[in-house]
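Descriptive structure summary
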Amino acid sequence: MAKIFCITVLSILGFLLPSFVFCERGEPWQMLFQDSATPIMEGIINLHHDLMFFLILILVFVMWVLGRTLWFFYYKRNPIPSSVVHGTFLEIVWTITPSLVLMMVALPSFALLYSMDELIDPSVTLKVIGRQWYWTYEYSDYNHLGDDKLIFDSYMVTEDDLSDFDNRLLEVDKRVVLPVNTHIRVIVTATDVIHSWAVPSLGVKIDAMPGRLNQTALFIKRPGVFYGQCSELCGVNHGFMPIVVEAVSMERYTEWVLEQLKLTIKTTSDMSLTSGTVEQACHMTFANKDKSAVSGEALKTLLSTDKQLSQAMDAYRVESDIK
């Protein structure tokens, strides 16, 4: 009983006090949304709050009408029923008023739906493949940089292998790493049955269907680790397909990609540069850029198309170091 009381008090305090820690996964006794990390999720939360405003007004009005009806038309207080069977003005009002409310709700809803389908010149493409019962991720933008492809499988970490403070049924052995403040395209498909790739904090829930490619857009605004799960019943182990997305800075993302591709960057003077000094190497190439722009140019030049890659060949030579 004391435990239930403490949990209840902490839950109430969590609503009343300002939150200093982002909620990026489900919590016990949680009633509201997880903290948003994308503009789409912010729009979903704002639309929910707007709808709740109208719903509360409608609820109060309907309960007021029902209360007056039960009170004033109780058979002992009003033994003679009213003979009024038609009310033209009243019928017009209760027909037009809900229509106006629906129009007010539809406008922001359509705006949000169209914004969710919009793709703005994505800089990174992530392909998600659902399987029974794990996920496969592919970064196909970087296949031209070497013989190895940046593709890996992501399995749930079993309860016996969990470390301290890990999340049961939510941790994976390999996380998805994505850059912040970057337009990202996510292509989703499946190989066997229908799955659903869903991450609440990112405002993403898209079906993975065999033989079909679905796509959505992401623009992550802050670093963090975001948790999700398969949201379509896909078999006996449906509850054991977690999703973990780690959002990092562009510098860290560039280093991570180079580490995964096992690339070594060398200057024309054969001075070896490790992936930890990618930013300094890019700064040398783009000396006329400010430091905030160096990272974006670094990714475009080092990890994008062959045309962009050739622009840095005067200062750098990129070669594959495959073991």
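Per an unreviewed UniProt entry, the chain is named Cytochrome c oxidase subunit 2, and its organism is Gloeochaete wittrockiana. Looking at the chain in UniProt, the text filed under Catalytic activity (unreviewed entry) is "4 Fe(II)-[cytochrome c] + O2 + 8 H(+)(in) = 4 Fe(III)-[cytochrome c] + 2 H2O + 4 H(+)(out)". UniProt annotates the chain under Sequence similarities (unreviewed entry) with the comment "Belongs to the cytochrome c oxidase subunit 2 family."

Quick notes on the layout of surface pockets
With a probe scaled to a water molecule rolled over the atoms, the places where space remains empty come into view. Of the volumes computed, that of the second largest pocket is approximately 470 Å³. What lines the second largest pocket is simply F54, L57, I58, F61, V62, V65, L90, V93, W94, T97, P98 and V101. Those elements that place two or more of their residues in the lining of the second largest pocket are α2 (39-72) and α3 (88-116). Classifying every residue of the lining of the second largest pocket gives 11 nonpolar, 1 polar and no charged.

Here's the deal with the sheet that holds strand β3 (residues 151-154)
The strand order β3-β2-β1-β5-β8 describes an open sheet built from 5 strands, whose pairing is mixed. A single partner strand is all that each edge strand has here, and the edge strands are β3 and β8 (214-219). Between one strand axis and the next, the sheet turns by 25° as a mean value, whatever way the strands run. Sheet topology places strand β5 (residues 183-190) next to β8; 6 bridges connect them, and they run antiparallel. For V188, the partnering residue across the bridge sits in β8 and is N214.

Points about α3
Taking 1.5 Å per residue, 29 residues should reach 42 Å; α3 reaches 42 Å between its end C-alpha atoms and fits that length. Turning to α3, the residues buried within the fold contact α2.

Re the pattern of salt bridges
Taken as a whole, this structure holds 4 salt bridges when the rule is applied. A salt bridge links K221 to E42, with the shortest nitrogen-to-oxygen separation between them at 3.2 Å. In this pair, K221 is assigned in the loop between β8 and β9 (224-230) and E42 in helix α2, connecting sequence segments 179 residues apart. By relative accessible area, K221 is classed as partly exposed at 40%.

What to know about α2
The α-helix winds at 3.6 residues per turn, so residues separated by three or four positions along the chain end up facing the same way. For α2, with 34 residues, the first-to-last C-alpha span of 50 Å sits near the 50 Å given by 1.5 Å per residue. Within α2 the residues assigned to the buried category are I40, M41, G43, I45, L47 and F54. As for α2, its buried residues are in contact with α3.

With respect to the pairing of strand β10 (residues 242-248)
Residues in a regular strand project their side chains so that they alternate between the two faces of the sheet. Burial within β10 is extensive, with 6 of its 7 residues counted as buried. Pairing analysis gives 4 bridges linking strand β4 (residues 176-179) to β10, with the strands arranged parallel. Pairing of P179 across the sheet is with V248, part of β10. Judged from the 6 bridges that link them, β9 and β10 form a sheet pairing that is antiparallel. Opposite V225, over in β10, you have E246 as the bridge partner.

The rules behind these values
- Residues numbered from 1 in each chain as written.
- Predicted model: local features only at pLDDT ≥ 70, side-chain atom pairs only at ≥ 80, totals over all residues.
- Heavy atoms only, no water.
- UniProt positions renumbered as here; feature names shortened; annotations may be inferred.
- 1 Å grid on protein atoms, 1.4 Å probe; cavity = no way out; pocket = protein on both sides within 12 Å on 5 of 7 lines; lining within 4 Å.
- Points joined across faces, edges and corners; volume = space filled by probe spheres on them.
- Helix = DSSP H or I, 4+ residues; strand = E, 2+ residues; numbered from the N terminus.
- Nonpolar A, V, L, I, M, F, W, Y, C, P; charged D, E, K, R; others polar.
- Pairing = 2+ DSSP bridges.
- Axes fitted to C-alpha atoms, helices over the stretch in contact; angles between N-to-C directions.
- Expected span 1.5 Å × (residues − 1).
- Contact = heavy atoms within 4.5 Å.
- Salt bridge = Lys/Arg side-chain N within 4 Å of Asp/Glu carboxyl O.
- Buried < 20%, exposed > 50% of the residue type's maximum accessible area, 1.4 Å probe, protein only.

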